[in-house]
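Residue strings, one per chain:
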Amino acid sequence: MPEKVVLAYSGGLDTSIIIPWLKENYSYDVIAMVGDVGQGDDIDAVVDKAYKTGAAKVIVKDLREEFLAEYVYPTLKAGAVYEHKYLLGTSMARPVLAKHQVEVALAEGAAAVSHGCTGKGNDQVRFELAYQALAPELRVIAPWREWTLKSREDCLDYAEAHGIPLTQSREKIHSRDRNLWHISHEGGELEDAANAPLDTTWQITRSPKDAPDREEKVEIGFEKGVPVSVNGMRMEAVSLVELLNEIGGRNAVGRVDIVENRFVGIKSRGCYETPGGSLLVTAHNELESLCLEREVAHFKQHIGLKYAEIVYFGLWFTPLREALDAFVEKTQEYVTGSVALSLYKGNVSVVSRKSDYSLYRTDLSSFTMGEGYDQKDAAGFIRILGLPSRSQAQLRNPKEVVK
């Protein structure tokens, strides 16, 4: 019996040619694992294509609910955004795919796992660090680091020579990754950072000029930091994110054009569309502004930056991420309430913030002086806080009396 390799299979350009390449260069039977994280593909067609290109077996996993509940929502609660803009859509999807790929490999008695990531990108790190954390005994085959193909054009030539149908063209080659949270775009005109994205590059968000000429309001409800409702209607995670994607997309919300620093040290340019995610991040931040105590809120910003790095760098299955999750969960204990947003041609404005656990008190914040805060108390703590400054001033100006 030949040994088996489990390939993380999408049916795109890279993984489509990897099945015949593995059969040509290794004596393994190829098991294609298709993980549905909401990419919107015709799964039956993807399965059929895998078999036609040489897969011995195809296993489909519906990972949409798990992807949101166990990867996206923890990252949302952490406030993790990479380099000010990127909401980590691809970065969060890789560990859940790798986890189930490993589970399939162990269940099928496979000797190896394989992926279609290039040797320049972040995804090779995300997949392989997950493999090492979950099943270090499995061999890893990364065709992009072994074969002689050097470009997308070479891959197209290989596909044509093996009779593999593809949707990519030689004129406009974009590398796209889509899931419930976002869609990313790289390649084509985007390889030159001086080029603006083409109108046709964007897939799920309208241009502001084509968005409605009237504002649309949406209210998002949270329980302990987790989104649970839209406009007062309770929803499961998948339906909720799909609805917010639709609402945000038609109002031109969620487009990002970024030059980012890859883990391997290369700067890369990409465009991301995250319409529903952008609404959730905005609403969650606003609810936290009501419910988090000052020192917790300020310290949590540092946690968010580190959490974003951990996710982006592929360090999901690590003790540090688990430890940070414990901190984040404690901060979310009272992040319950709702935030209403107004959407208009790509702009998002806050209409209202409401929570039964709000720390905002009008009797304290109002300009009207009342009970609960004695203004005279301020003189003492300001004087104490200013002591180092007064001492420094006295040292520099010893002839002057500093009171």
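Coordinates for the structure precede this section.
Here is a short report on the structure shown in this document. Everything numeric here is computed off the predicted structure, so don't read it as measured data.

**Remarks on the overall build of the protein**
Next up, step 1: Regarding its fold elements, the protein presents 13 helices and 14 strands.
Next up, step 2: Seen through its principal axes, the protein has C-alpha atoms that stretch 85 × 55 × 45 Å.
Next up, step 3: Expressed as a percentage of the 403 residues in the protein, the buried residues total 49%.
Next up, step 4: Long-range contacts, defined as pairs at least 24 residues apart, comprise 73% of the intrachain contacts of the protein with a sequence gap of at least 6.
Next up, step 5: Of the roughly 20400 Å² that the protein leaves accessible, carbon and sulfur atoms contribute 51%.

**Let's talk about the sheet that holds strand E7 (residues 183-186)**
Next up, step 1: Taken in spatial order, the 4 strands make up an open sheet running E6-E7-E12-E11, and their pairing is antiparallel. Where the open sheet ends on each side, the last strands, each with one partner, are strand E6 (175-178) and strand E11 (255-261). This sheet shows a mean twist of 25 degrees between the axes of neighbouring strands, independent of strand direction.
Next up, step 2: With 3 bridges connecting them, E7 and strand E12 (residues 267-273) associate as antiparallel partners. Of the residues in E12, the one forming a bridge with Ile183 is Glu273.

**So, the packing of helix H12 (residues 377-385) against helix H13 (residues 387-396)**
Next up, step 1: At a minimum axis separation of 4 Å, H12 and H13 run at an interaxial angle of 45 degrees. One finds that H12 runs oblique with respect to H13. Note on element contacts: H13 touches H12 through Leu387, Pro388 and Arg390, opposite Arg383, Ile384 and Leu385.
Next up, step 2: Counted by class, the contact of H12 with H13 contains 4 nonpolar, no polar and 2 charged residues.

**Some points on the pairing of strand E8 (residues 216-223)**
Next up, step 1: Looking at chain direction, E8 and strand E13 (residues 337-344) are connected through 7 bridges and run antiparallel. Within E13, the residue paired with Glu216 across the bridge is Leu343.
Next up, step 2: Pairing of E8 with strand E9 (residues 226-230), which is carried by 4 bridges, proceeds in the antiparallel orientation. Each bridged residue has a counterpart across the sheet, and for Glu223 the counterpart in E9 is Val226.
Next up, step 3: Adjacent in sequence and paired antiparallel, E8 and E9 are bridged by 2 residues, among which Lys224 carries a positive phi angle near 50 degrees.

**Here's the deal with the sheet that holds E8**
Next up, step 1: Taken together, 5 strands build an open sheet; the order of strands is E10-E9-E8-E13-E14 and the sheet is antiparallel. Of all strands in the sheet, those with a lone pairing partner are strand E10 (233-234) and strand E14 (347-354), marking the two edges.
Next up, step 2: Running at roughly 65 degrees to E9, helix H7 (residues 237-250) makes contact with E8, E9, E10 and E13 of the sheet.
Next up, step 3: Each of E8, E9, E13 and E14 touches helix H8 (residues 275-291); the most contacted strand, E13, lies at about 135 degrees to it.

**Let's talk about the pattern of salt bridges**
Next up, step 1: Counted according to the given criterion, the structure contains 25 salt bridges.
Next up, step 2: Two residues, Arg64 and Asp36, come together in a salt bridge whose shortest N-O distance is 3.9 Å. With Arg64 in helix H3 (residues 64-78) and Asp36 in strand E2 (residues 29-36), the pair connects residues that are 28 residues apart, well separated along the chain.
Next up, step 3: A relative accessible area of 27% means that Arg64 is categorised as partly exposed.
Next up, step 4: Given a relative accessible area of 14%, Asp36 falls into the buried group.
Next up, step 5: Here Arg234 makes a salt bridge to Glu223, at a shortest N to O gap of 2.8 Å. With a gap of 11 residues between them, Arg234 in strand E10 and Glu223 in strand E8 connect regions that are remote in the sequence.
Next up, step 6: Salt bridges sharing common partners tie together Arg94, Asp123, Arg126 and Asp177.

**Some details on the packing of H3 against helix H9 (residues 294-312)**
Next up, step 1: Viewed as axis vectors pointing N to C, H3 and H9 meet at an angle of 145 degrees, and their least axial separation amounts to 8 Å. Contact with H3, carried on its side by Pro74, Thr75, Lys77 and Ala78, involves Lys300, Gly304, Tyr307 and Val311 of H9 and no other residues of that element.
Next up, step 2: Of the residues contributing to the contact of H3 with H9, the split by class is 4 nonpolar, 2 polar and 2 charged.

**A look at the nonpolar core**
Next up, step 1: Counting residues in hydrophobic clusters, the biggest one holds 74 residues, and the most contacted among them are Phe67, Leu88, Ile220, Leu244 and Leu280.
Next up, step 2: With near-sequence residues (within four places) excluded, Leu244 lies in contact with Val218, Ile220, Val230, Gly249, Pro275, Gly276, Leu279 and Leu280.
Next up, step 3: Residues Tyr9, Ile17, Ile18 and Val47 belong to the second largest nonpolar core, which totals 30 residues.

**Here we look at the side chain of Glu128**
Next up, step 1: Considering the arrangement of structural elements, one finds Glu128 in helix H5 (residues 123-134).
Next up, step 2: Classification of Glu128 as buried rests on a relative accessible area of 14%.
Next up, step 3: Side-chain polar atoms of Glu128 contact the side chain of His115, separated by 2.7 Å.
Next up, step 4: Once residues lying within four places of it in the same chain are set aside, the contact partners of Glu128 are His115, Val140, Ala142 and Arg145.

**Some points on the environment of Glu24**
Next up, step 1: Tracing the sequence through the fold places Glu24 in helix H1 (residues 13-25).
Next up, step 2: Leaving out residues up to four positions away in the same chain, Glu24 has contacts with Tyr158 and His162.
Next up, step 3: Side-chain polar atoms of Glu24 contact the side chain of His162, separated by 2.5 Å.

**Some remarks on the state of the cysteines**
Next up, step 1: Across all of its chains, the model carries 0 disulfides by this definition.
Next up, step 2: Free of any disulfide, Cys155 has its nearest neighbouring cysteine sulfur in Cys117, separated by 13 Å.

Conventions we followed
Residues numbered from 1 in each chain as written. Predicted model: local features only at pLDDT ≥ 70, side-chain atom pairs only at ≥ 80, totals over all residues. Heavy atoms only, no water. Helix = DSSP H or I, 4+ residues; strand = E, 2+ residues; numbered from the N terminus. Buried < 20%, exposed > 50% of the residue type's maximum accessible area, 1.4 Å probe, protein only. Contact = heavy atoms within 4.5 Å. Areas by Shrake-Rupley, 256 points an atom, 1.4 Å probe, with all protein chains shown as cover. Pairing = 2+ DSSP bridges. Axes fitted to C-alpha atoms, helices over the stretch in contact; angles between N-to-C directions. Parallel < 35°, antiparallel > 145°, perpendicular 65-115°, else oblique. Nonpolar A, V, L, I, M, F, W, Y, C, P; charged D, E, K, R; others polar. Salt bridge = Lys/Arg side-chain N within 4 Å of Asp/Glu carboxyl O. Core = buried A, V, L, I, M, F, W, Y, C linked by side-chain atoms within 4.5 Å. Polar contact = N/O pair within 3.5 Å; in protein donor to acceptor, adjacent residues only side chain to side chain. Disulfide = S-S within 2.5 Å.

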